[in-house]
Amino acid sequence: MVRDNSKIPKWLAEEDAKEDPYSLEQKLMDYAMCKTKLNGIIPKNRNEVIKWNGWGYNDSKFIIKPVGDGLVAFTGNRYPIGDLDLPHFTQWVKDIFEVDINHKNHPAPLPPPEAYPKSLASQEFLEAVDKAGISKSLDGVDRLVRCHGQTLHDIYTLRFNLKKSIPRIPDVVVWPETTEHVVTLVALAERMTMVIIPYGGGTSVSGAVTCPDNEPRPIISLDTTQMNQIFYVDKKNLLISCQCGIVGQDLERFLQSKGFTVGHEPDSYEFSTVGGWVATRASGMKKNVYGNIEDLLVSATMVTPSGILHKKGLHPRQSVGPDFNHVILGSEGTLGVVTEVVLKIRPVAEVRKYGSVVFPTFTDGVNCMREIAKQRCQPASIRLMDNEQFRFGQTLKPAGGFFNAIVETIKKAYLTNVKGFDLERICVATLLFEGSKKSVEQQEARINNIVKDFGGMPAGEKNGERGYMLTFVIAYIRDIGLEFNVVAESFETSVPWKHTLNLCRNVKYVIGKECARHKVKRHFISHRVTQTYDSGCCVYFYFAFNWQGLDDPVGTYEAIEAAAREEILANQGSLSHHHGVGKLRARWYKSQVSELGENLYRQAKRALDPNNVFGVGNLLTDEEPPLKAKL
Ligand SMILES: Cc1cc2nc3c(=O)[nH]c(=O)nc-3n(C[C@H](O)[C@H](O)[C@H](O)COP(=O)(O)OP(=O)(O)OC[C@H]3O[C@@H](n4cnc5c(N)ncnc54)[C@H](O)[C@@H]3O)c2cc1C
């Protein structure tokens with residue numbers, strides 16, 4: 001950590017310490033402590049730490065050990081299932097997908113240096129970047145690892161299609177460190193007819209950071225990860241001011257060491273950035289206590305080709321016309337670069353406690369979630385898995401039951417007092433409580449009471465903790481699936497309570513029907529309710545299939561997911577609760593916001609970015625003049 005104590009802001013020095021119980025001296029000390037550039041988890045050479053063609057840390061992955069008929073294990077020691085053999089999971093994979101573990105698809109290696117397309121960036125641009133003191137790279141690998149996010153399409157292309165051709169990759173990568181650097185880059189791009197794609201953690205699952213195939217202009221990948229400075233922590237007003245490239249886990253590590261938290265934990269928070277959260281309208285698992293990103297964002301600075309969009313002051317609320325934070329939120333890299341933000345913080349909770357609850361059926365579980373939301377007593381996080389996901393989760397334990405398996409808990413209870421729990425029908429909610437000891441106890445008691453009314457029963461703390469751990473590990477499964485002919489992806493929506501059960505049932509039905517139509521022999525579809533609100537919830541689907549016998553696995557997957565999305569919309573679900581629109585869902589954008597709404601967005605784009613410097617191609621399916629590339 002490098003400390004910079006030199007610039008204490010004027011406003012802070014000028015404040016009247018006498019009238020303020022939080023003394024000026026203390027403030028100055030806090031400020032000095034906080035003006036900090038973090039040593040972030042993502043280095044410039046991101047592929048040294050993170051997989052370039054898959055999810056997560058290089059040292060963490062599912063592998064098949066040559067034991068017997070093949071045994072799945074998870075490597076590394078970052079997660080609780082690290083370095084463990086997973087015989088139940090091995091069997092599950094064989095049973096569900098009928099995979100042949102002896103037939104492995106080997107992913108393509110990184111192409112050699114001469115294989116990358118020549119950069120289209122002009123000498124004039126490169127010299128201007130050097131002159132401004134901004135770090136840059138023309139290296140093929142640096143460019144390749146930033147041409148994509150985490151969609152199935154992206155990862156499949158990198159693993160299996162590179163041998164045929166290299167997709168459109170950025171022409172140059174730049175690492176600005178300040179808002180001034182970004183202003184310079186945007187001005188250069190505007191003057192030299194270039195495109196900028198802001199690149200944070202690259203965890204997008206909507207195609208939002210993927211380079212548009214047909215972009216003829218030079219593409220700059222503006223990597224924000226070196227913009228990772230904390231400006232200050234304001235303990236009195238409970239705010240943090242920082243740059244946009246800070247990765248979630250770095251932000252939390254820093255803040256928690258000072259006794260605070262933002263509390264925003266999307267499942268990708270190990271790698272996603274603050275700027276990415278704002279640009280995609282992210283939602284964290286603990287939103288019930290801390291809020292979604294739109295609740296946490298007090299102020300944002302966005303550099304656009306037309307100037308800097310930034311609203312004055314750090315007011316708790318304003319009635320000053322439409323809130324332009326909401327033009328920045330969800331802009332998906334199409335309007336400018338978010339360079340700095342002020343977010344709300346909270347003191348770290350005294351107690352963090354997990355829990356789990358079993359229900360006889362998913363319907364009981366959803367009805368209970370609805371009641372808990374109605375009474376507004378949701379813990380920090382509450383998630384309800386369907387039976388398929390519950391059974392799948394059970395397989396991710398080593399032989400001999402290292403974990404306190406939920407099945408054991410239920411069996412014991414079944415034998416003693418609860419009759420009628422069918423392991424083929426039950427569903428499980430995992431809970432995470434945060435707060436004071438007393439408030440957590442009260443919340444838990446209240447929830448357990450409601451749960452009883454819906455035929456549910458508590459299933460222990462360990463099972464809950466395990467459920468949350470699995471959230472992070474599940475993301476690693478797709479990579480090994482791809483090696484054995486299984487494609488997998490998730491998609492999500494938000495839906496009013498009264499349509500939730502129908503939506504879940506109908507989407508599963510449509511997926512089954514579409515799989516049959518596309519001659520998919522073995523598939524897996526599962527859902528969970530991940531967020532709850534007064535008026536509805538977020539439903540998150542996992543879908544995977546064995547692609548044996550199919551010519552175009554990704555095309556087939558996309559066709560089936562599109563049918564599922566149509567069904568979601570027909571069942572009053574939204575286009576997205578938190579993944580965003582990107583390129584994947586752009587075809588439905590107009591239908592969701594109305595023609596006038598889409599036109600309003602286009603006019604905002606024209607006002608902020610008239611020459612389409614931020615021509616990443618999200619939200620809109622076309623690029624009408626004047627958004628069309630000008631060459
Ligand atoms: C395993 C996994 C789990 C996930 N779980 C969640 C979840 O629980 N909740 C959730 O909300 N999302 C989740 N996501 C989706 C994704 O992590 C979020 O969309 C996240 O907010 C993206 O942040 P990022 O820094 O990785 O952005 P990137 O992927 O780098 O970029 C996403 C978009 O934001 C733009 N962008 C990035 N930074 C800036 C900036 N500074 N200024 C302007 N535009 C910018 C990009 O141009 C792009 O359009 C998950 C994804 C994965 C792969």
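That block above? That's the structure.
The text that follows walks through the structure, step by step, so that each part is easy to find. Since the model is a prediction, treat every value here as computed from it, not as a measurement. Throughout, residues of each chain are indexed from 1 in the direction in which the sequence is written. Only residues with pLDDT of 70 or above have their local features reported here, since the model is predicted, and side-chain atom pairs are shown and tallied only from 80 upward, although totals for entire chains, interfaces and linings are computed over all residues. Remark: hydrogens and water are excluded; side-chain values derive from all non-hydrogen atoms of the structure.

## Digging into the nonpolar core
Across soluble globular proteins, nonpolar side chains have a tendency to be buried as a group.
Link 1 in the chain: By size, the foremost hydrophobic cluster in this structure holds 79 residues, and its most contacted members are Phe62, Phe89 and Leu251.
Link 2 in the chain: Only DSSP runs of H or I reaching four residues or more are called helices, and only runs of E reaching two or more are called strands; each is numbered from the N terminus. Here the element with the most residues in this core is helix H17 (residues 461-474); it accounts for 6 residues.
Link 3 in the chain: Residue contacts follow a heavy-atom distance rule, with two residues in contact if any of their heavy atoms lie within 4.5 Å. With near-sequence residues (within four places) excluded, Phe89 lies in contact with Phe62, Val72, Phe392, Thr395, Leu396 and Ile477.
Link 4 in the chain: If you look at the next biggest cluster of nonpolar residues, it comprises 49 residues, including Phe362, Met369, Ala373 and Cys515. To form a nonpolar core, buried Ala, Val, Leu, Ile, Met, Phe, Trp, Tyr and Cys residues must be joined to one another through side-chain atoms within 4.5 Å. Residue burial is assigned from relative accessible area. The probe radius is 1.4 Å, only protein chains are included, and a residue is buried under 20% of its type maximum, exposed over 50%, and partly exposed in between.

## A short note on the pairing of strand S13 (residues 297-304)
Link 1 in the chain: Most of S13 sits inside the fold, with 8 of its 8 residues counted as buried.
Link 2 in the chain: Two strands pair under a simple rule: DSSP has to find at least two bridges between them. Note that S13 and strand S15 (residues 337-344) share 6 bridges and pair antiparallel. Paired with Thr301 across the strands is Glu340, a residue of S15.
Link 3 in the chain: Pairing analysis gives 3 bridges linking S13 to strand S14 (residues 307-309), with the strands arranged antiparallel. Counted as the bridge partner of Thr304 is Gly307 from S14.
Link 4 in the chain: Between S13 and S14, which pair antiparallel and follow one another directly, the connecting turn spans 2 residues.

## Structural notes on the environment of Leu431
Link 1 in the chain: The residue Leu431 is located in strand S19 (residues 427-435) in this model.
Link 2 in the chain: C-alpha separation for the pair Leu431 and Gly467, spaced 36 residues apart in sequence, amounts to 8.9 Å.
Link 3 in the chain: Once you skip the residues sitting within four places of it in the chain, Leu431 turns out to touch Lys353, Tyr354, Gly355, Ser356, Val357, Pro379, Ser381, Ile382, Ile447 and Tyr468.

## Quick notes on the packing of aromatic side chains
Any aromatic ring pair is given by two values, namely how distant the centres are and how the planes are angled relative to each other.
Link 1 in the chain: To pair, rings of Phe, Tyr and Trp, with the six-membered ring standing in for Trp, must have centres within 6.5 Å; the planes then decide the type, stacked if under 30 degrees apart, edge-to-face if over 60, and tilted in the middle. Applying the stated rule across the entire model yields 23 aromatic pairs.
Link 2 in the chain: Each ring, one from Trp55 and one from Phe271, has its centre 5.2 Å from the other, and the planes form 85 degrees; the classification is edge-to-face. Here Trp55, found in the loop between strand S2 (36-37) and strand S3 (62-65), pairs with Phe271, found in the loop between strand S12 (260-261) and helix H9 (274-280); they are 216 residues apart in sequence, far enough to count as distant.
Link 3 in the chain: Owing to a relative accessible area of 10%, Trp55 belongs among the buried residues under this scheme.
Link 4 in the chain: Residue Phe271 is classed as buried on the basis of its relative accessible area of 2%.
Link 5 in the chain: Put simply, the rings of Phe62, Phe74, Tyr79, Phe89, Trp92, Phe97, Phe392, Tyr476 and Phe524 touch in pairs and so form one group of aromatic residues.
Link 6 in the chain: Cation placement over rings: the criterion is NZ of Lys or CZ of Arg within 6 Å of the ring centroid and within 35° of the ring normal. In this arrangement the basic side chain of Arg78 is found over the ring face of Tyr57, its NZ or CZ atom lying 3.6 Å from the centre.
Link 7 in the chain: Above the ring of Tyr540, the side-chain terminus of Arg528 is found at 5.2 Å from the ring centroid.

So yeah, pure geometry; function would need other evidence.
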